[in-house]
Amino acid sequence: MRGSCRLFPLLLLALLRGLCHGREPAPGAVTCGSVLKLLNTRHSVRLHSHEVKYGSGSGQQSVTGVEASDDANSYWRIRGKSDGSCQRGTAVKCGQAIRLTHVNTGKNLHTHHFPSPLSNNQEVSAFGDDGEGDDLDIWIVQCSGTYWEREDAVRFKHVGTEMFLSITGEQYGHPIRGQREVHGMPTANHHNYWKAMEGVFIKPSMDPAKHDEL
């Protein structure tokens, strides 16, 4: 009986340590302020934008998928749904609301009730100026654990319209020949899984001026 009494506090301590450890982000977690490329795992293309506007629908800056891994127009910055809501270097949690800001043009990943030009799904565009757009720039990160891990495939669900960021393979012609249409779909499926790829990932424990380049 005495042995059991002595053993119980040790087991409780081990359990508490395990629970605390489970709440801590792993070194591979995607963090606020990080700049990265996102790969659609089904079609092996990276989320991309550029100063080419849609010729129909909203007429806003187009968002596409490209096969090239070295295109500088495929970098996006992870930001909170509002300023101050996603501190630089903080791990992004599953279920967290974020904005994805296109690095080279300063516009946010956006969707709204316009039909996409090729598949007639919901148009996805890049919108705003210098990272400031509107409430239709907000997406929820859907993943299975506590934090968004770089190795995991995740979904992005749009808050305003409940659409999933997707690619189903339709290809554009001139002037962006071969690039894939990116659109919103109402159902979660294998077309809307994305994985973090190349980028600059801010570590929580590091000085903001420093970073981990991959």
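Everything below is about the structure shown above.
A brief structural summary.

The rules behind the values
- Residues numbered from 1 in each chain as written.
- Predicted model: local features only at pLDDT ≥ 70, side-chain atom pairs only at ≥ 80, totals over all residues.
- Heavy atoms only, no water.
- Pairing = 2+ DSSP bridges.
- Helix = DSSP H or I, 4+ residues; strand = E, 2+ residues; numbered from the N terminus.
- Buried < 20%, exposed > 50% of the residue type's maximum accessible area, 1.4 Å probe, protein only.
- Contact = heavy atoms within 4.5 Å.
- Polar contact = N/O pair within 3.5 Å; in protein donor to acceptor, adjacent residues only side chain to side chain.

A closer look at the pairing of strand 13 (residues 194–201)
Two faces belong to every sheet, and in a regular strand the side chains alternate between them.
Part 1: Inspection of the sheet shows strand 1 (residues 35–40) paired to strand 13 by 5 bridges, in the antiparallel sense. Following the sheet pairing, Val-35 is matched in strand 13 by Val-200.
Part 2: Pairing analysis gives 2 bridges linking strand 9 (residues 153–158) to strand 13, with the strands arranged antiparallel. Looking at strand 13, one finds that Ala-153 is bridged to Lys-195.

Focus: the environment of Gly-95
Part 1: As for its placement among the helices and strands, Gly-95 is situated in the loop between strand 4 (76–80) and strand 5 (97–102).
Part 2: A residue is classified by how much of its surface remains accessible, and Gly-95, at 48% relative accessible area, is partly exposed.
Part 3: Along the chain, Gly-95 and Trp-139 lie 44 residues apart, while their C-alpha atoms are 9.4 Å from each other.
Part 4: Among all residues touching Gly-95, those that are not within four sequence positions of it are Ile-140 and Val-141.

Quick word on the side chain of His-48
Part 1: By secondary structure assignment, the location of His-48 is in strand 2 (residues 45–53).
Part 2: Here His-48 falls in the buried class, since its relative accessible area comes to 2%.
Part 3: Polar contacts involving the side chain of His-48 include one to the side chain of Ser-74, which spans 3.1 Å.
Part 4: Those residues in contact with His-48, other than ones at most four positions away along the chain, are Ser-62, Val-63, Thr-64, Val-66, Asp-71, Asn-73, Ser-74, Trp-76 and Gln-179.

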